[in-house]
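Examination of the molecular architecture
What follows is the residue order along each chain.
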Amino acid sequence: MSEINLAYLAGLFDGEGSIFIYRRNYYKKRHHKKNFYLSPQITISNNNNYVLLVIKKWIGFGNIFSYKKVGMDHLTYRWSISGIRRCLKFTKLLYGKCIIKNKQLKFMEEFCESRINRPYVLDKIKHPRMHSGFHMMPHRPPYNDREFEIANEIKKCNLQYSNKSSKESIEMNL
């Protein structure tokens, strides 16, 4: 990606982008167990679908969704990525080039690298079709305290910037 395109993307992301780590709850019927996972997500919203199609082409991945805001006559579009590896790739691309969202990008990079660099854990899972009745199931290890802290820090940053004007947000980061 050219430097001009990267600068455009950084500016667009600073103004229209969001970084989240969602806590997603799920229930495993087979094990009768409630559980959760933390899901990193990065989005850019815009009223112009073409802009987001160009961004998707530059980045090489992501999905574009359309939705209608309550009380609005036009559609809004959202380019979205989720997943540890895709979010890490995006944060490495833009970290140091944004003004307002640099702190969130750094936290997201730390979260993703922490999850990727920890080895998978093998659990013995009961399986009805296996002769032995069990098989080894690889999965990521449980979240550590730092990963929960990072998710909370991103949330704090998002709340902090949403309550300030653009000028105050820029001054805080200079």
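Since this is a predicted model, take the numbers as computed values, not measurements.

**Points about the pattern of salt bridges**
What the rule picks out here adds up to 7 salt bridges. Lys-92 is the partner of Glu-113 in a salt bridge, and the nearest nitrogen-oxygen pair spans 2.8 Å. Here Glu-113 is found in helix α4 (residues 102–117), whereas its partner Lys-92 is found in helix α3 (residues 84–94), with 21 residues between them in sequence. Salt bridges linked by common partners bring Lys-92, Glu-109 and Glu-113 together as one network.

**What to know about helix α2 (residues 49–59)**
Along α2, the residues that are buried comprise Val-51, Leu-52, Ile-55 and Ile-59. Looking straight down α2, one finds that the buried residues subtend no more than 95 degrees of arc, so they occupy a single side. Counted as exposed and oriented over 90 degrees from the buried face of α2: Tyr-50 and Lys-57. Buried residues along α2 sit in contact with α1 (3–16), β2 (33–46), β3 (63–68), β4 (75–82) and α3.

**A look at the packing of α1 against α3**
Closest axis-to-axis distance for the α1/α3 pair is 10 Å, and the angle between their directions is 110 degrees. Between α1 and α3, the crossing angle belongs to the class labelled roughly perpendicular. On α3, the residues that touch Leu-6, Leu-9, Ala-10 and Phe-13 of α1 are Phe-90, Leu-93 and Leu-94. Of the residues belonging to the contact of α1 with α3, the class tally is 7 nonpolar, no polar and no charged.

**A look at the side chain of Ser-80**
Secondary-structure assignment places Ser-80 in strand β4. Classification of Ser-80 by relative accessible area gives buried; the value is 7%. One polar contact links Ser-80 to Gln-41, side chain to side chain, over a distance of 2.8 Å. Once residues within four sequence positions are removed from consideration, Ser-80 is found in contact with Gln-41, Ile-42, Thr-43, Gly-62, Asn-63 and Phe-65.

Procedures and definitions
Residues numbered from 1 in each chain as written. Predicted model: local features only at pLDDT ≥ 70, side-chain atom pairs only at ≥ 80, totals over all residues. Heavy atoms only, no water. Salt bridge = Lys/Arg side-chain N within 4 Å of Asp/Glu carboxyl O. Helix = DSSP H or I, 4+ residues; strand = E, 2+ residues; numbered from the N terminus. Buried < 20%, exposed > 50% of the residue type's maximum accessible area, 1.4 Å probe, protein only. Arc of directions from axis to C-beta. Contact = heavy atoms within 4.5 Å. Axes fitted to C-alpha atoms, helices over the stretch in contact; angles between N-to-C directions. Parallel < 35°, antiparallel > 145°, perpendicular 65-115°, else oblique. Nonpolar A, V, L, I, M, F, W, Y, C, P; charged D, E, K, R; others polar. Polar contact = N/O pair within 3.5 Å; in protein donor to acceptor, adjacent residues only side chain to side chain.

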